[in-house]
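# What the coordinates show
The residues making up each chain are set out below.
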Amino acid sequence: MVYDFERPIVELEEKIAELQRFAGEKGIDLSKEIENLEKKSRELKEAIFSQLSPWQKVLIARHPGRPNTLDYIKLLCTDFIEFHGDRCFGDDPAIVGGIARFRGRAVTVIGHMKGHDTKENLARNFGMAHPEGYRKALRLMQQAEKFKRPVLAFIDTPGAYPGMGAEERGQAHAISCCITGMLTLRVPVISVILGEGGSGGALALASGDRILMQEYAVFSVISPEAYASILWKDATRCQDAAGIMKITAQELYAYQLIDGIIPEPLGGAHRDKNEAARLVGEAIAHHLEELVGYSVEELLRRRFERFRRIGPEYLPGNDVT
Amino acid sequence: MLDIFKKQRQRYATVNPVTRDIPDGLWVKCPRCHEIQYSGELAKQLKVCARCGYHFRLSARERLKITIDEGTFIEWDGDMGPVNPFQNPEYGEKLARAQQESGLKEAVVTGEGDIAGHRVAVAVMDTRFMMASMGTVVGEKITRAIERAREKRLPLIIFSASGGARMQEGIFSLMQMTRTCAALSFFSSAGLLYISVLTDPTTGGVSASFAFAGDIILAEPGALIGFAGPRVIEQTIRQKLPEGFQSAEFLRQHGFVDAVVPRPLLKKTLAQILDLHRSD
Ligand SMILES: [Zn+2]
């Protein structure tokens, strides 16, 4: 899938590939021409991606080719074993989890799971979890605590699923428990928002010591479409909504609501998943190194302080009354 | 001309917010059974329909009046007004209107008072203020109330009602879910009691955070309680929800609330629970 604003990049890349093929077939040296085009391609990517609008970032965050949680787990870790089920109702394919080794250290990994195509997405419910998903995540976190493993949580969801079964099985209760469970975990917890961080369903996995966002990830209280439809009765104004909602990694970092932005390869993570994973790995390793140095008390004290400070005094001169 | 205008303004300014939403001498129609009743009578029945038992929504002041022993309530942070983190002018206007219409500075009132002689910390959300959505200051007032309850070693009662996180404050709103849960877990580890009372409606970011974190969770009859609102669910599944879906009774049946307590029995029930947790 290619968005309109990506089209010039893709066309140029196709042209380069064609020239390479032609040169190979005919045995002519076109390296100079190809080099020129590659330079042009890089410049074009830089030009387009340095000026992405918030809405274009939403589209990149939702790109079906964007690496998903299992892609990252496999690229970042070795010895991954997936664990299933909440031991209560069932297994939610919209949240995956298990244990693995990250740079020599045993870790617990959990995360929302989107698919790359419609079939996969239907099987994963588009990454929209039910209560049993959050309860599985909580169970695996508590297991991590028992065995003193750090937790890596990957966030990529439009939101918690708004369906009948989800309500019957206590969606609100499950999210509430997941938030509190993560907040009080006596091991380091790093959350990385990979694509879409949608509402309470995303927040359920973002109550740890660090919240990092990939460069083109978004984190929002509600989707721009829903914001526009509720406030302006016009869902087509989602681009305007994305602009005023402050949902991009850059804006949230400026407000100190997240702890770091993880750079993506030029053109977005979907253009080079190995490089994207390398960059995510570097960021996680950096923060993990710092967190494992704290005593449990220090870790929890800092974690609570981090959330405590996100109050109104954080926003001086804003009182409207 | 100017004089008349002045007079009118004065009269508006002296209207008491407690009685303003149903002024004396008006007739009120029950939204469920359509019975028309005299508002004075309705108020005496704690705003419960005499015919069908429908529980009308209460303002925060009305709730405090029927719950807290007379003359014992001390408000906390009553002067805290909302913030507009992204300086959104539409939101600014909305806030000003909500303040004018509700007579409140924000969507929650917090403080301490007695319930049948038991000292408690209490927070009451008021749906007349932007459907009691949780923004930064609602989160802050609730967080502070939880912290003060912990310092004073008081039991905590929160009357929740909310449409969810206040979207105009973006992630600042969403993070209030985590903040309030953090304060509650600290409160809980001190061995203190938190009774969560779910009232109509308790949904979204409020239900998915502090409202469902109670040691004991009570609900008022007929209250709508859930994560997603019914309209969002109906749009997603493309069918109508059955009667009573996400009602307090439905939640009790599915194991998510301890008891559904009719309003006339609520104060007595709270007093009984508080008495059973007395630490002397
Ligand atoms: Zn009635």
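The written sequence of each chain sets the order in which its residues are numbered from 1. Starting at A for chains and at 1 for ligands, labels are handed out in the order in which the entities are written. Owing to the predicted nature of the model, reporting of local features is limited to residues with pLDDT of at least 70; listing and counting of side-chain atom pairs is limited to 80 or more, with chain, interface and lining totals taken over all residues. The side-chain quantities take in all heavy atoms of the structure and omit both hydrogens and water.

Chain B has the name Acetyl-coenzyme A carboxylase carboxyl transferase subunit beta in an unreviewed UniProt entry, where Desulfofundulus australicus DSM 11792 is given as its organism. Recorded in UniProt for chain B, the comment headed Catalytic activity (unreviewed entry) runs: "N(6)-carboxybiotinyl-L-lysyl-[protein] + acetyl-CoA = N(6)-biotinyl-L-lysyl-[protein] + malonyl-CoA". Looking at chain B in UniProt, the text filed under Sequence similarities (unreviewed entry) is "Belongs to the AccD/PCCB family." UniProt positions are given in the numbering used here, feature names are shortened, and annotations may be inferred rather than shown by experiment.

You'll find chain A entered in an unreviewed UniProt entry as Acetyl-coenzyme A carboxylase carboxyl transferase subunit alpha, with Desulfofundulus australicus DSM 11792 given as the organism. What UniProt states about chain A under its Sequence similarities (unreviewed entry) heading is, verbatim, "Belongs to the AccA family." The annotation that UniProt attaches to chain A under Subcellular location (unreviewed entry) is "Cytoplasm".

Take the sheet that holds strand E3 (residues 74–76) of chain B next. The pairing of strands in a sheet comes from backbone hydrogen bonds and takes either a parallel or an antiparallel form. Residue and element names in this part refer to chain B. At least two bridges found by DSSP between two strands is the condition for calling them paired. Each helix is a run of DSSP H or I of at least 4 residues and each strand a run of E of at least 2, with the numbering of both proceeding from the N terminus. Overall, mixed pairing links the seven strands, which are arranged E3-E4-E5-E6-E7-E8-E9 in an open sheet. Each edge of the open sheet is held by one strand with a lone partner, namely E3 and strand E9 (259–260). In this structure, strand E6 (residues 156–162) lies alongside strand E7 (residues 194–202), joined through six bridges in parallel fashion. For Ser160, the partnering residue across the bridge sits in E7 and is Leu198.

This paragraph deals with the packing of helix H4 (residues 69–76) of chain A against helix H13 (residues 273–292) of chain A. Residue and element names in this part refer to chain A. Where H4 meets H13, the closest approach of the two axes is 9 Å, and the angle between their N-to-C directions is 70 degrees. The orientation of H4 relative to H13 falls into the category roughly perpendicular. For the pair H4 and H13, contact is made by Tyr72, Leu75 and Leu76 and by Lys273, Asn274, Ala276, Ala277, Val280, Gly281 and Ile284, respectively. Broken down by class, the residue content of the contact of H4 with H13 amounts to seven nonpolar, two polar and one charged. Axis geometry follows a simple rule: fit a line to the C-alpha atoms, using only the stretch in contact for helices, then measure angles between N-to-C directions, giving values from 0 to 180 degrees. Here the word oblique covers every angle except those under 35 degrees (roughly parallel), over 145 (roughly antiparallel) and from 65 to 115 (roughly perpendicular). Contact definition: two residues touch when any of their heavy atoms are within 4.5 Å. Polar here means any residue outside two lists: the nonpolar Ala, Val, Leu, Ile, Met, Phe, Trp, Tyr, Cys and Pro, and the charged Asp, Glu, Lys and Arg; Gly therefore counts as polar.

This brings us to the UniProt feature "binding site: Zn(2+)" (unreviewed entry) in chain B. All names here are of chain B. According to UniProt, the "binding site: Zn(2+)" (unreviewed entry) feature falls on Cys30, Cys33, Cys49 and Cys52. The named residues occupy 23 residues along the chain; their greatest pairwise C-alpha distance, 8.7 Å, places them in one compact cluster. Its place among the elements puts Cys49 in the loop between helix H3 (39–44) and helix H4 (60–67). For every residue, the accessible area (1.4 Å probe, protein chains only) is compared with the maximum for its type, and the residue is labelled buried under 20%, exposed over 50%, or partly exposed between those bounds. Among the residues examined, Cys49 registers a relative accessible area of 3% and is labelled buried. In contact with Cys49, other than residues within four places in its own chain, are Cys30, Cys33, Gln37, Leu42, Tyr54 and Phe56. Note on placement: Cys52 falls in the loop between H3 and H4. Overall, Cys52 belongs to the partly exposed group, its relative accessible area being 27%. Discounting chain neighbours no more than four positions away, the residues touching Cys52 are Cys30, Arg32 and Cys33.

Aromatic rings considered in pairs are described by the distance between their centres and by the relative angle of their planes. The criterion for an aromatic pair is that two Phe, Tyr or Trp rings (for Trp, the six-membered ring) have centres within 6.5 Å, with stacked assigned to planes under 30 degrees apart, edge-to-face to planes over 60 apart and tilted to the rest. Counted according to the given criterion, the structure contains 10 aromatic pairs over all chains. Measuring from ring centre to ring centre gives 5.1 Å for Tyr54 of chain B and Phe56 of chain B, while their planes differ by 80 degrees; the resulting arrangement is edge-to-face. The buried category is assigned to Phe56 of chain B, whose relative accessible area is 10%. Note on Phe86 of chain B and Phe172 of chain B: the rings are 5.9 Å apart at their centroids and 50 degrees apart in plane angle, and the pair reads as tilted. One end of the pair, Phe86 of chain B, is in the loop between E3 and helix H5 (89–102); the other, Phe172 of chain B, is in helix H7 (residues 170–189), and 86 residues separate them in sequence. Phe172 of chain B sits in the buried class, given a relative accessible area of 0%. In this arrangement the basic side chain of Arg306 of chain A is found over the ring face of Phe307 of chain A, its NZ or CZ atom lying 4.9 Å from the centre. Over the ring of Phe186 of chain B we find Arg150 of chain B, and its NZ or CZ is 4.1 Å from the ring centre. By definition here, charges over rings are those cases where NZ of Lys or CZ of Arg is within 6 Å of the ring centre and within 35 degrees of the ring normal.

We now examine the domain arrangement of chain B. Residues and elements named next belong to chain B. All domain edges in this entry derive from an automatic or database-based domain assignment. Here chain B is partitioned into domain 1 (1–56) and domain 2 (57–276). On a C-alpha basis, the centres of domain 1 and domain 2 stand 23 Å from each other. If you look at the interface, domain 1 gives nine residues, while domain 2 gives 16 residues. Across the domain 1 to domain 2 interface the summed buried area is about 1,200 Å²; carbon plus sulfur atoms make up 53%. A side-chain nitrogen of Lys or Arg and a carboxyl oxygen of Asp or Glu constitute a salt bridge if their distance falls within 4 Å. Run the count over domain 1 and domain 2 and you get one salt bridge. Glu62 is the partner of Lys47 in a salt bridge, and the nearest nitrogen-oxygen pair spans 3.1 Å. For the purposes of these results, a polar contact is taken to be a pair of N or O atoms within 3.5 Å, where, inside protein, one atom must be able to donate a hydrogen and its partner to accept one; residues adjacent in sequence count only when each atom of the pair is a side-chain atom. There are five residue pairs in polar contact (both at pLDDT 80 or more) connecting domain 1 and domain 2. Among the residues forming the side of domain 1 that touches domain 2, the class breakdown is five nonpolar, one polar and three charged. By convention, the term buried area covers the 1.4 Å-probe accessible surface removed from two parts as they join, with the contributions of both added.

It is worth spelling out the domain arrangement of chain A at this point. Residues and elements named next belong to chain A. Each domain of chain A was delimited in the assignment, giving domain 1 (4–51) and domain 2 (57–314). Taking only C-alpha atoms into account, the centre of domain 1 sits 35 Å from that of domain 2. Each partner contributes to the interface: domain 1 provides eight residues, whereas domain 2 provides nine residues. Here domain 1 meets domain 2 over a buried area of about 720 Å², counting both sides, of which 68% is carbon and sulfur. If you look at where domain 1 meets domain 2, you find two salt bridges. For the interface between domain 1 and domain 2, the tally reads two residue pairs in polar contact (both at pLDDT 80 or more). Elements supplying a minimum of two residues to the side of domain 1 that touches domain 2: helix H1 (7–26) and helix H2 (31–49). By residue number, the principal contributor to the side of domain 1 that touches domain 2 is H2, which donates four residues. Class assignment of the residues belonging to the side of domain 1 that touches domain 2 gives a composition of three nonpolar, no polar and five charged.

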